[in-house]
Amino acid sequence: MKNSSFRAAIAAVALLSFTPAVSAAPAKGDAPVTEAELAAHIKILADDAFEGRAPGTEGEDRTIAYVVGEWAKAGLEPVPGSATPWVQPVPFVETQALGGTAKFKVNGREIVPGDDGIILTGRDASVALADVPALFVGYGVDGAGQVNADVKGKLAIMLFDNAPFGDKLPRYRERRQMLADAGASAVLVVSNGAVPWPALRESVGGKYVRLASAKPGAPVSGFFSPEGADALLKAAGQDGAALREAAKSPDYKGAALPVTADFTAESAVRPFASHNIIAKLPGAKPDGKAVLFLGHWDHLGICAPEGEADRICNGAVDNASGIAVLIEIAKRLGQGVRPDRDIYFMATTAEEKGLLGAHWFADHPVVPLSDITVALNVDTIAISPRGTPVATIGRGKPAYDAMVREEATRLGRTLDEDGEADAFIQRQDGWALGAKGVTSLMVGGSFSDMKLLEAFLGSDYHRPADAFSDKIPLGGAAEDADLHVALGRAFADTKRWPGTAE
Ligand SMILES: [Zn+2]
């Protein structure tokens, strides 16, 4: 059902691409992107009918149909030779917890945390573990980013937050995987309380999505609430606050606890496919180098527990705003003077599950990664008003920095080069490409005014409140869209940009 309607939608938009969308436009400047144009796209993509754009849902089909339709109208084409025009299938496995038990033995005493203290997921359909020795591992890694304790056959209790002793250290999903790879029988992550427990339960606790090609996790994974962890540590004669403090050292080696655990977990394991949306604007004078624009289309889907009035995380700012910008960039570049180089546009899936669509593309690129002269990622762009300085995540290569500076200055923007934005480098899709050697930049005002960004992250972010409203600031996003059009033209210009600069 879902797939056939989806194919019909793709076939309908594919037809559009055979009609020449544009005749050669006169060589004049690109029309500025307006707040109204962006609002129109965000309103549609963040509509309840899209159900929060979770991968593998009908909301995905609607999202693909809309984005492909807009890109085709803009003059983009499917990547030639693709067996699945406009989309790149990405295979996933979802594990949904059906039920489970956790029982801890502490000095002969039994402790059974309630639903308010622990969330469990089994890796396989049915898991049973007994007498697993427990270890508090702090962040699970040392200052060099290596696993910090012998966790083989053990329960590792790990902190969620990023380690405070290095800004390039892996985030919790990667650390959890590292502990699993090191042989941990179970990994329980201690939540930091920032996401309300019922929401964590609903959005990440009960369901776990990984690439079908990824290494399996530990037999048992899950979360402790801060209170649930503290209660267990206290029963074990430990002070949770003191352990967290000790874990802040880059040399921390973990603490064995006088605790053993018994787990059972039943899960439904379901393979499914989602899709990266990929389109191409063929260059007028291609030289083998290419520019890639990307941004994630997915969001959290149904994210609030049953009984809540609004259960849909619509993801208006995160990241319908970025997709809206990618649509308007495509229209300017597709309909104005044709750039020299090929320009690729990609809307990724499953960014919210750990940049998974971007990682899949990085492992299965439709154009050799070494040909991508720059990747420009657009995420959570509707944060700041007009006039906000331009920050760049991924600064540090002088020729690239100079190009961004030149184009931003030409458009009347000021630069924010204090480097604060780099705190977010691992939290965006460009990271998956950067890890494979592609120069990936995230350019704009959203990551310049940290007060505005933190205000969003601390309120509507990843909650049903991130819905469309005319209060979303779109002035900065419109200016950033114009800057991206200019950057696309500059990096695709064979005379201005050699394509191999450092
Ligand atoms: Zn997000």
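Cut-off values and rules
Residues numbered from 1 in each chain as written. Predicted model: local features only at pLDDT ≥ 70, side-chain atom pairs only at ≥ 80, totals over all residues. Heavy atoms only, no water. Helix = DSSP H or I, 4+ residues; strand = E, 2+ residues; numbered from the N terminus. Rg over C-alpha atoms; globule rule 2.2 N^0.38 Å. Buried < 20%, exposed > 50% of the residue type's maximum accessible area, 1.4 Å probe, protein only. Contact = heavy atoms within 4.5 Å. Areas by Shrake-Rupley, 256 points an atom, 1.4 Å probe, with all protein chains shown as cover. Lys, Arg positive; Asp, Glu negative; His and termini not counted. Charge placed at Lys NZ, Arg CZ, Asp CG, Glu CD. pLDDT = per-residue confidence, 0-100. Donors = N, O, S within 2.8 Å, 3.2 Å for Na, K, Ca; no water. Tetrahedral: all angles 85-135°; square planar, octahedral: opposite > 155°, others 65-115°. Disulfide = S-S within 2.5 Å.

A word on the overall build of the protein
In terms of helices and strands, the protein carries 13 helices and 16 strands. Relative to the 2.2 N^0.38 estimate, which gives 23 Å for 502 residues, the radius of gyration of the protein is 24 Å and therefore close to what a compact globule would have. Seen along its three principal axes, the alpha-carbon backbone of the protein occupies a region of about 80 × 50 × 40 Å. Going through the 502 residues of the protein one by one, you find that 53% of them count as buried. Restricting the contact set of the protein to residue pairs at least 6 apart, pairs at least 24 apart contribute 84%. About 20,200 Å² of surface is accessible on the protein, with carbon and sulfur atoms providing 55% of the total. Computed over 50 positive and 64 negative side-chain charges, the separation of the two mean positions in the protein equals 3 Å.

Here's the deal with the confidence of the model for the protein
For the protein, mean pLDDT is 91; residues scoring 70 or higher make up 93% of the total. Taken together, the stretch residues 1–27 has pLDDT below 50 and engages in 31 contacts with residues farther than four places along the chain or on a different chain.

Brief notes about the side chain of E70
Topologically, E70 is positioned in helix α3 (residues 58–74). Using a relative accessible area of 7% as the deciding quantity, one classes E70 as buried. With residues up to four places along the chain from it excluded, the contact list for E70 reads H41, I327 and K331.

What to know about the coordination of the zinc ion
Surrounding the zinc ion are the protein donor atoms D318 (OD), E352 (OE), E352 (OE) and H462 (NE2), at 2.0 to 2.4 Å. If you look at the zinc ion, its 4 donor atoms make angles of 58 to 147 degrees with each other, and the shape they trace is irregular. Going along the chain, you hit the donors of the zinc ion in the pattern D-x33-E-x109-H. With a gap of 144 residues between them, D318 in helix α8 (residues 316–335) and H462 in the loop between α12 (450–457) and α13 (475–491) connect regions that are remote in the sequence. A relative accessible area of 2% places D318 in the buried class.

Here's the deal with the environment of A74
Assignment of secondary structure puts A74 in helix α3. With 388 residues separating them along the chain, A74 and H462 place their C-alpha atoms 30 Å apart.

Thoughts on the state of the cysteines
Applying the stated criterion to the full structure yields 1 disulfide. The disulfide that involves C303 links it to C313, with 2.0 Å between the sulfurs. Taking the torsion about the S-S bond as the criterion, the C303 to C313 disulfide, at about 80 degrees, is right-handed. With a gap of 10 residues between them, C303 in the loop between β11 (301–302) and β12 (312–313) and C313 in strand β12 connect regions that are remote in the sequence.

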